[in-house]
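The chain contents come next:
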Amino acid sequence: MKVRPNISIINAMIRITAGFATLAWITSKMVRRPHRDSYKLVALLAGMKIAEGILRYCPLTAGFERFQEYRNDHNSENNHYNFDFDDFEAKANGDSDADSYNPS
């Protein structure tokens, strides 16, 4: 798996800033109540945001892009994702040739 930058510089800066701000906030919360597990989870997520900003790689963005490529490849082959909205309009207008449509 190649890890290539898939987010922009500005997006990376926003992620780094939000990650450090969240990490500082949650660290101050952990001082008062150190045994809360939810604080540890939020600190982990903030660290992940910082890492995404530094590496300029977001695994969710990469997964979404791969899904879009997969969908486009399979969409052209068997046309499962192309909806013909004219059929819905015909059913809504009560054309006799259209099948009955009951949304409930």
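Please refer to the structure placed before this passage.
Bear in mind that the values here come from a model prediction, so they are computed numbers and not experimental data.

Enquirer: Explain the overall build of the chain to me, please; I cannot follow it from the model alone.
Expert: When helices and strands are counted, the chain shows 4 helices and 0 strands. When the helices and strands of the chain are read in sequence order from the N terminus, they spell out α-α-α-α. Within the span of the chain, comprising 104 residues, buried residues form 16% of the whole. If you take every contact in the chain between residues at least 6 apart in sequence, the share linking residues at least 24 apart comes to 60%.

Enquirer: What is the right way to look at the pattern of salt bridges in this model?
Expert: Any two side chains of opposite charge can pair, on the condition that their charged atoms come close. Under the defined criterion, the tally for this structure stands at 3 salt bridges. The shortest N-O distance in the salt bridge between Arg15 and Glu52 comes to 2.6 Å. In this pair, Arg15 is assigned in helix 1 (residues 9-32) and Glu52 in helix 2 (residues 37-55), connecting sequence segments 37 residues apart. Residue classification places Glu52 among the buried positions, given a relative accessible area of 9%. One salt bridge connects Lys49 with Glu52, and the closest N-O pair in it is separated by 3.1 Å. Placement of both Lys49 and Glu52 in helix 2 is noted, with a separation of 3 residues, approximately one turn of the helix. The structure contains a network of salt bridges with shared partners spanning Arg15, Lys49 and Glu52.

Conventions and cut-offs
- Residues numbered from 1 in each chain as written.
- Predicted model: local features only at pLDDT ≥ 70, side-chain atom pairs only at ≥ 80, totals over all residues.
- Heavy atoms only, no water.
- Helix = DSSP H or I, 4+ residues; strand = E, 2+ residues; numbered from the N terminus.
- Buried < 20%, exposed > 50% of the residue type's maximum accessible area, 1.4 Å probe, protein only.
- Contact = heavy atoms within 4.5 Å.
- Salt bridge = Lys/Arg side-chain N within 4 Å of Asp/Glu carboxyl O.

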